[in-house]
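A look at the structure
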Amino acid sequence: MGKDVLTGTYFLTGNEACAAGALAAGCRFFAGYPITPSSEIAERMSIRLPQVGGVYIQMEDELASMAAILGASWAGAKSMTATSGPGISLMMENIGLGVMTETPCVVVNVMRGGPSTGLPTLVGQADVMQARWGSHGDYEIIALSPSSPQEAFEYTIRAFNLAETWRVPVILLMDEVVGHMRERVVIPEKKDIKVANRRGPSEPPGKFKAFRPKKDLIPEMPVAGQGYAIHVTGLTHDERGYPAIEWEAQEKLVSRLVKKIRLNSAKIASWEETGVEGAEIILISYGVSTRICRAVREMAREKGINLGLFRLEVIWPFPEKRVRELAGRVKAFVTVEINYGQIALEVERYAAGKCMTRLVGHGGGTVHDPQKVLEAVEEIAS
Amino acid sequence: MIEPQILDHPKDMLLRKERIPHIWCPGCGLGSVLSALVDALRNSDLDLKNVAVVSGIGCTGRAAGYLNLDSFHTTHGRAIPYATGLKLANPDLTVIVFSGDGDLAAIGGNHLIHAARRNVDIKVICVNNFNYGMTGGQGGPTTPRLARTTTTSYGNTEKPFNLVHLTAACGAPYVARWTSAHPHYMKIAMGEMLKKDGFSFLEVIAPCPTNFGRRNKLREIKLLQRFLEQAILEAQPDIAKADIELDSPILCGKFVDLERPSYLAAIKETVSAKVKVYDFRGDGRVPLEEAPVKAAAAKAPGKPAEVPAERPIIQRPVQIKLAGLGGQGIGLCGLIIGRAAAIFDHNQAVYTQEYSPEARGGASASSIIVASGQIHAPYVTEPDIMVIMAQGAYNKYQKDVRPGSRLIIDKDLVRPKDLPGSVQVQAIPATRLAEELGQKVVANIVTLGFFTALVPYISLAAMQKALKGSIPKGTEELNLRAFETGYDYGKKMQEEEAV
Ligand code: SF4
């Protein structure tokens, strides 16, 4: 059997690094359908998985890909798919099933410009709200956004760990630039990589209820073939997993699905603050736009503007408490994202009028011009 | 008085008793099909712990929930791909898909044909009741012509699927059809499917008296009676004659039973035989052994401990853009520069290239930014150095040549015109020199050597290491000679200029 962690220093694209991260996290099943700009992930997985005893399968479409990774997860494999734009729209149906049945898996969306076919080869960051609520019904989900190939490697591992811990599909919101750019990627030794695994059943079959939550609101997860005769359904269900078509069961189940993320958000949410203490203005960003914001900070420093950067590592759940706190201390938040205002809406919501909020957004196809961001900052600073 | 003794029914062990009574209507055919499956499973020598059932949505889709097995009630149409994931992730499982015609043949039709083609080892039981029972009896792709449903009040005008013909045509190695009035044959077929390694398909024609029967004057027992009376049971039925019309007989039997390697068997045979330990050759062939900072990496990712003595210090990010025509190997040059800087010089480098379909033929460019500190914005916007290897590329990218920048060109192939002020042009007859070496294709590597001689941002040692790791085995000598040729040409040019 080949090694799953190829320790060393490489010059990789974000997509390649993502595949390396998946293997390091223990992913052993990949189902996908080719789509630009994510195809290199599938290509890499198709080469690597057979070497480590895993399975790669190219499905007939993204509906099937998403369904297959859910099935594989219930057979005990850590599973993943990768897609973009039109593909993620198709996956939304079974992302909902994954949420409802609390199925750990990772869905990579290498964001391109949309709507519809949009800009297949060029960057966008407009699927952020879709990542949160793109499937029907009410739920909470986890999404992360890397800003470099090194982070694509690391965040893919984090995505698997979060999926396994909180039993929810985790969306890795990459973008075309991060997916395609090459940078140095350092792959550490296997022993230094922290990997989380789902919690299995602590009771023998019989009394065990597959959807009875523990204190942290997460049920223990048996898989097919272990003798538990589990029933897994997308219908509203009780703790045994049996359909329960009534409002009381709905309340109990859906509120738990929402709460298991919301009440644990302190453990899940993650962000990076640079020069935020004492800053007059704070840039809020994620993914490739973070890189532009770092450049803007340097430009602002030269102009004597005290500019902080608040960068979302995990986008959902949103760090609402921290943004609320910071809102009371600064003059303005400037959200920098490649869309016409998605995270900007969240920022506005939690700033709650305590400071100015601005958006520097555009429709996609390229990254922000740092100069334009700087101009928005200068306008507020003056 | 004798106390009545209540014994478990022998089939109970396979049913979730607490979920009975089921939701199915009186006279519905689904119970018989489920019962036949229970019998087939009991008669098999399978360890039932390893049997999983997957359903989609609909009346039939509820079957999974009644079986005391690992059972999955998925989304509409997606039972087959879900089952595919289950089976491939744990080949020890026997995976049965039990779902309806609307689920498997309409919304899930694409999955059905591909699973048959792929020959994933799953056993598909498709209960065909000619309509959508759960939602109130709408017509669908299996509704016979002229049949009345809630959405075909004037009689259905569409030709229905012949599902056995369809799956057989897609390559399913096992295909059979029975009706719910044939429990014995159903059981036999299911037993055979449980033993088959490969995609097997059983269509069971079953009555939906509540919806289809009622609207077609075939209530309850009449529908079943019709199946019994009109079914043609044949040992070797002709699949082309298996179309179903409203009043026509229903051709039943086993249509296909042949051997074909299943999906997993084929993988074992083909892929597993070729798999070797991966060395990242696909990334431009930096072999694992040459990765310089294995141990240090773990301690401080991204910050290697040992910095080579000859590491060039690059204060501000330097932007480099390489352009040429398809086949000139521009992308490889960019990669080598990036690797040299990022891996071997321990500097930072960001490499980007054009991905648009237009970039595939014609002129294209790849871009690298190198710096000793962090590189933020990833795109080259104001190149400090441009390398252009063909006139077509020059025409396209001339707009990017900035005043005061450096322009490296192929002396014979590029005629720079309309240059902005103070551009330092440095030319090498790279293609001609490559031809002299016997291989025109190494013109890019000649240029790379020239670049290395002139540009101070990447060390010679790093470039040599990156080059060695980035070219196919067996071409090392030629490529190294090409590199040296370009390098020497550059050094000589510099000396002459200095004089
Ligand atoms: S609606 Fe038709 S298919 Fe559904 S349970 Fe009733 S009889 Fe059976």
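Residues numbered from 1 in each chain as written. Chains lettered and ligands numbered in written order. Predicted model: local features only at pLDDT ≥ 70, side-chain atom pairs only at ≥ 80, totals over all residues. Heavy atoms only, no water.

1. Re the pattern of salt bridges
Enumeration according to the criterion identifies 48 salt bridges over all chains in this entry. Close ionic contact of Arg294(A) with Glu272(A) constitutes a salt bridge, the shortest N to O distance being 3.3 Å. Remark: Glu272(A) occurs in strand S11 (residues 271-274) and Arg294(A) occurs in helix H10 (residues 288-302); sequence separation between them is 22 residues. For Arg294(A), a relative accessible area of 18% translates into the label buried. We classify Glu272(A) as partly exposed; its relative accessible area is 22%. Close ionic contact of Asp39(B) with Arg42(B) constitutes a salt bridge, the shortest N to O distance being 3.4 Å. Of this pair, Asp39(B) and Arg42(B) both sit in helix H1 (residues 30-43), separated by three residues, roughly a single helical turn. With relative accessibility at 35%, the residue Arg42(B) sits in the partly exposed group. Each of Arg132(A), Glu140(A), Arg262(A), Glu346(A) and Arg349(A) takes part in one network of salt bridges that share partners. (Salt bridge = Lys/Arg side-chain N within 4 Å of Asp/Glu carboxyl O. Helix = DSSP H or I, 4+ residues; strand = E, 2+ residues; numbered from the N terminus. Buried < 20%, exposed > 50% of the residue type's maximum accessible area, 1.4 Å probe, protein only.)

2. Details of the site of the ligand
Around the ligand sit Trp24(B), Cys25(B), Cys28(B), Cys59(B), Asn129(B), Gly133(B), Cys208(B), Pro209(B), Thr210(B) and Asn211(B), and that is every residue in its neighbourhood. Of the residues belonging to the shell around the ligand, the class tally is six nonpolar, four polar and no charged. (Near = heavy atom within 4 Å. Nonpolar A, V, L, I, M, F, W, Y, C, P; charged D, E, K, R; others polar.)

3. Looking at helix H14 (residues 443-454) of chain B
Residue and element names in this part refer to chain B. Between its first and last C-alpha atoms H14 spans 17 Å; for twelve residues at 1.5 Å apiece the expected length is 16 Å, and the two agree. Within H14, twelve of the twelve residues are buried, leaving the element largely enclosed by the surrounding structure. Restricting attention to buried positions, one finds in H14 the residues Ala443, Asn444, Ile445, Val446, Thr447, Leu448, Gly449, Phe450, Phe451, Thr452, Ala453 and Leu454. (Expected span 1.5 Å × (residues − 1).)

4. Quick notes on the domain arrangement of chain B
Domain parsing of chain B yields domain 1 (10-266) and domain 2 (318-498). One C-alpha centre belongs to domain 1 of chain B, the other to domain 2 of chain B; they are set 62 Å apart. (Domains from an automatic or database assignment.)

5. Notes on the packing of aromatic side chains
Applying the stated criterion to the full structure yields 13 aromatic pairs over all chains. Pairing Phe208(A) with Tyr228(A) gives two aromatic rings, centres 5.2 Å apart and planes at 70 degrees, and the pair type is edge-to-face. Within this pair, whereas Phe208(A) is found in the loop between strand S9 (182-187) and strand S10 (231-233), its partner Tyr228(A) is found in the loop between S9 and S10, the two being separated by 20 residues in sequence. The exposure class assigned to Phe208(A) is buried, which follows from its relative accessible area of 12%. Put simply, the rings of Trp74(A), Phe211(A), Phe72(B) and Tyr82(B) pair up and form one aromatic cluster. In this arrangement the basic side chain of Arg158(A) is found over the ring face of Tyr155(A), its NZ or CZ atom lying 4.8 Å from the centre. Seen from the ring of Tyr242(A), Arg19(B) lies directly overhead, with NZ or CZ sitting 5.4 Å from the centre. (Phe/Tyr/Trp six-rings, centres within 6.5 Å; stacked < 30°, edge-to-face > 60°. Lys NZ or Arg CZ within 6 Å of the ring centre and 35° of its normal.)

6. Regarding a nonpolar patch on the surface
Residue and element names in this part refer to chain B. A grouping of Tyr185, Ile188 and Leu233 is seen on the molecular surface, where their side chains present a nonpolar patch of about 250 Å² in accessible area. Relative to the helices and strands, Leu233 is located in strand S7 (residues 231-233). Since its relative accessible area comes to 40%, Leu233 is described here as partly exposed. (Patch = residues over 30% accessible without salt bridge, like charges linked within 9 Å, V, L, I, M, F, W, Y side chains within 5 Å. Areas by Shrake-Rupley, 256 points an atom, 1.4 Å probe, with all protein chains shown as cover.)

7. Side note on the packing of helix H1 (residues 14-25) of chain A against helix H2 (residues 39-51) of chain A
Residues and elements named next belong to chain A. Closest axis-to-axis distance for the H1/H2 pair is 8 Å, and the angle between their directions is 40 degrees. In terms of their interaxial angle, H1 and H2 are classed as oblique. Taken as a pair, H1 and H2 cross one another with a handedness that is right-handed. Listed contacts from H2 to Asn15, Glu16, Cys18, Ala19, Ala22 and Leu23 of H1 are Glu40, Ile41, Arg44, Met45, Arg48 and Leu49. Residue composition of the contact of H1 with H2, by class: seven nonpolar, one polar and four charged. (Axes fitted to C-alpha atoms, helices over the stretch in contact; angles between N-to-C directions. Parallel < 35°, antiparallel > 145°, perpendicular 65-115°, else oblique. Left-handed = near helix turned anticlockwise from the far one by under 90°. Contact = heavy atoms within 4.5 Å.)

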